[in-house]
Amino acid sequence: MKRRRAIAAAAILALLAAAWLTYRIWPDDGERALRAHTQITLCRYYQIGDERGNQLYFAAIGKDSLLQELTWNAQKIRSRDSHADGFWVNRSWIYPSCGGRIIAIMPDEHTPTAADIPPSILITNQLRAEKLKLAKLRHLLTELKYYLRVHGVQDEGYDIVAKYTTNAFLRKDTLAKNIALLERMVKNPNITIRRADRYVATYHTPDGKTAQTACRIVARGAHHKLLLRTNDGKTPDGVEAISIMPWTTDTPGALSAMTEKIKKTARGSLTHGVIRRNSTLYRGEIRNGKRNGKGIMRDAAGNLYNGTWNCDTLVSGTRTDSLGGRYTGFFDRNDRPQGYGVYQSDGIYYEGHWTAGRRDGFGMGITADNRLKAGEWKSDRFRGERITHTSDRIYGIDVSKHQHVKGRKYYAIDWSKLRITSLGTISKKRVTGHVDYPVSFIYLKCTEGKRLLNPYYQKDYRAAKAAGFKVGSYHFFTTAPAALQARNFLRNASVASADFPPVLDVEPHHAQIKRMGGPAALFHAVRAWLHIVERATGRKPILYVNQPFVNRYLPQAPDLKLRYRIWIARYGEYKPDVRLVFWQLSPDGRVKGIHGPVDINVFNGYQSEFQKFCADK
């Protein structure tokens, strides 16, 4: 009896063992494979250095043999990431024995290394490139500091430019330290490059949240197969390991087939996986068969998206294009930049509003030639800066005989009543509050050509000074010899030490320029007048020009833009896109105390900058 019981018990145990073995070796269904699924991310960067301890870090070597994302700071290393599907697996197919093990297929894309490019060439090329970047950045910082000097926190975009300037100074420090290390290494023939790989597994916790854990490679197999293990050797809570038999992964497409099996079996419950649609490949979080949550996508054009999807629509994230340009921000339903975002590429930067993939609305841009463009954009084209007129700004006027004589009538100016009551109607202007601004400075026409004198100049000069106004004098340039014109101005103009600098008004039409011998002859004469007057008065004159002249002729005299301050007449809604000291807003403004229309000007800056200008002799 006892023997029969023993035999029965043994038979039962044998059946249980057989059932257990069958369970362990039977191919895992989609539901179990789903719970075992994870995403593996390879974060790769490189370290270049010598035996003396000089070290730099970079993400990759470009086709131009330059080190990309180079930095001296080990805390700010930027890596190049690649992704693959993986599965938590048991070490033994007989019993649960995962211990944090993961199996995945991850092709190791070839990247240039020291074996491909001699380190001496890398260092030499990089040193030259870093010095060029630093020179360009210093020029850009000059532009940025000028912008901040003549703008205030009340101006739209000031905070964006200020933040960018702070980051630019940090980049300048990084470049300077990179250059110092490269200059030490360039003298050392013993340069080594080491690759650093970091693996991260992304999985879901029991409550459905996304979590990550660091991994390391345990073994490599055929067909790019990797066996990884978590650094702490533990399997995270909420995941289920599967048993991988030798025949499960002995072909290159086996794990991919398992991923597809999960996709079909899960029937909408898949929380992480792969979706191929319309020439795009998506890897990431999925809900009800749609991209939902964090993921990565590559489209047919080679653009790589890393962001957050909602109901199959990319909401926000980063897009890296095939040329290396990177956009970070919001997107529309067609995966185009929409709303607020930042784009940066080699030497190009834009931060602001986008519409259907184009810069549109307010934004700050840096061009390839390091020009700052902060203002309104339309369909990828910079329109200009539209300032808001308030009582905080500094306004002034310019006066000639036309403010006294209208036909046969003479009108006096009541200097004690001067207040600007209208900025003119010839163009749109954005005004906050009521226009009732004080006149902070006055420029008076003194002379024209080699003989003409404004008959009201001396009287107006004395009256304006007596009323307490800041006063300056200007000369209207003609085709007459420059020396004779300068002599006419110096003989009649009053240029006291407390006065504003003298101004040369240059606005000839095309026929006059042609009669003078062309733009070169014109600018030769202009330089002569400026030099004679500066030497005689000790004051550097200001150059007055209009916008058409700036567009057509001034680029042929870059030295004038660099050496002299500019006063521009532009009767439009956008501020001139050049450095300037005054902007003539309109010729049809209204000023209490003066009969008829008056030229209205605004100083490029606020009170603190205006005081510096007044004190500049």
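The coordinates are above.
Predicted model only: the values in this text are computed from it and were never measured. For every chain, the first residue of the written sequence is number 1, and numbering continues from 1 onward in sequence order. In keeping with the predicted nature of the model, local features appear solely for residues at pLDDT of at least 70, side-chain atom pairs appear and are counted solely at 80 or more, and the whole-chain, interface and lining totals rest on all residues. Side-chain measures here rest on the full set of heavy atoms in the structure, leaving out hydrogens and waters.

(A) Highlighting the packing of helix H7 (residues 482-492) against helix H9 (residues 519-537). Only the stretch in contact is used when fitting a helix axis, every axis being a line fitted to C-alpha atoms; angles between N-to-C directions are given from 0 to 180 degrees. We count a stretch as a helix when DSSP gives it H or I for four or more residues in a row; a strand needs E for two or more, and each element gets its number in order from the N terminus. Relative to each other, H7 and H9 sit at 35°, their axes nearing to 8 Å. H9 is crossed by H7, and the crossing has right-handed handedness. Residues Ala482, Ala483, Gln485, Ala486, Phe489 and Leu490 of H7 form the contact with H9, whose participating residues are Ala525, Ala528, Trp529, Ile532, Val533, Ala536 and Thr537. Its residues assigned to classes, the contact of H7 with H9 comprises 11 nonpolar, two polar and no charged. For any helix crossing, the convention is left-handed if the near helix is rotated counterclockwise from the far helix by under a right angle, and right-handed if that rotation is clockwise. Note on contacts: a residue pair is in contact if any heavy atoms of the two residues lie within 4.5 Å. Basically, the charged four are Asp, Glu, Lys and Arg, the nonpolar ten are Ala, Val, Leu, Ile, Met, Phe, Trp, Tyr, Cys and Pro, and anything else, Gly included, counts as polar.

(B) A look at empty space enclosed by the protein. Throughout, the protein atoms alone are placed on a 1 Å grid, and a set of points is a cavity if a 1.4 Å probe fits but cannot get out or a pocket if it is open with protein on both sides within 12 Å along at least five of seven lines; lining residues have an atom within 4 Å of a point. Grid points are joined across faces, edges and corners, and a volume is the space filled by probe spheres set on the points. Taken as a whole, this structure holds four cavities of 30 Å³ or more when the rule is applied. If you go around the largest cavity, the residues you meet are Ile387, Arg393, Lys575, Leu580, Trp583, Val602, Phe603, Asn604 and Gly605. Here the residues of the lining of the largest cavity are counted per class, giving five nonpolar, two polar and two charged. If you add up the space inside the second largest cavity, you get close to 40 Å³. Every residue along the wall of the second largest cavity is listed here: Arg386, Ile387, His389, Ser427, Lys428, Lys429, Arg430, Gly572, Glu573, Trp583 and Leu585. Tallied by class, residues from the lining of the second largest cavity come to three nonpolar, three polar and five charged.

(C) Highlighting the side chain of His404. With respect to the secondary-structure elements, His404 resides in the loop between strand S22 (395-399) and strand S23 (405-406). The buried label applies to any residue whose accessible area, calculated with a 1.4 Å probe on protein chains only, is under 20% of its type's maximum; exposed applies above 50%, and partly exposed to all values in between. Judged by relative accessible area, which is 2%, His404 ranks as buried. Setting aside its immediate chain neighbours within four residues, His404 contacts Lys409, Tyr410, Tyr411, Ala412, Ile413, Tyr456 and Asp460.

(D) Unusual backbone geometry, seen in detail. Unlike most non-glycine residues, Ser279 shows phi in positive territory, near 65°. Taking relative accessible area as the criterion, Ser279 reaches 58% and is therefore assigned exposed. For Asp335, which is not glycine, the phi dihedral falls at a positive 60°. We classify Asp335 as buried; its relative accessible area is 17%.

(E) Geometry of the environment of Thr320. In this structure, Thr320 sits in strand S14 (residues 313-320). Through-space distance from the C-alpha of Thr320 to that of Gly302 is 8.7 Å; in sequence the pair is 18 residues apart. Excluding anything up to four places from it in sequence, Thr320 contacts Gly302, Asn303, Leu304, Gly325 and Arg326.

(F) Spatial organisation of the packing of helix H3 (residues 119-150) against helix H4 (residues 158-185). Between H3 and H4, the least distance of the axes is 9 Å, while the angle of their chain directions is 155°. Judged by the angle between their axes, H3 and H4 are roughly antiparallel. Relative to H4, the crossing made by H3 is left-handed. Taken together, the residues that form the contact of H3 with H4 break down as 19 nonpolar, three polar and eight charged. Just so you know how the angles are binned, under 35 degrees is roughly parallel, over 145 roughly antiparallel, 65 to 115 roughly perpendicular, and the rest oblique.

(G) Here's a closer look at the packing of aromatic side chains. Pairing of aromatic side chains requires ring centres within 6.5 Å, counting the rings of Phe and Tyr and the six-membered ring of Trp. Pairs whose planes differ by under 30 degrees are stacked, by over 60 edge-to-face, and all others tilted. Going through the model one piece at a time under the given rule, you end up with 32 aromatic pairs. Taking the centre distance of 5.3 Å and the plane angle of 80° together, the rings of Tyr350 and Trp377 count as edge-to-face. Separated by 27 residues along the polypeptide, Tyr350 in strand S17 (residues 348-355) and Trp377 in strand S19 (residues 372-378) bring together distant segments of the chain. Each member of the pair, Tyr350 together with Trp377, is buried. Seen in terms of ring centroids, Trp567 and Phe582 are 5.3 Å apart; in terms of plane orientation they differ by 65°. Their pairing is edge-to-face. With Trp567 in strand S33 (residues 566-569) and Phe582 in strand S34 (residues 582-592), the pair connects residues that are 15 residues apart, well separated along the chain. Taken as a pair, Trp567 and Phe582 share a single burial class, namely buried. Here the basic side chain of Lys540 rests over the ring of Tyr564, its NZ or CZ set 5.2 Å away from the ring centre. Look at NZ for Lys and CZ for Arg. If either is within 6 Å of the ring centre and within 35 degrees of the ring normal, a charge sits over the ring.

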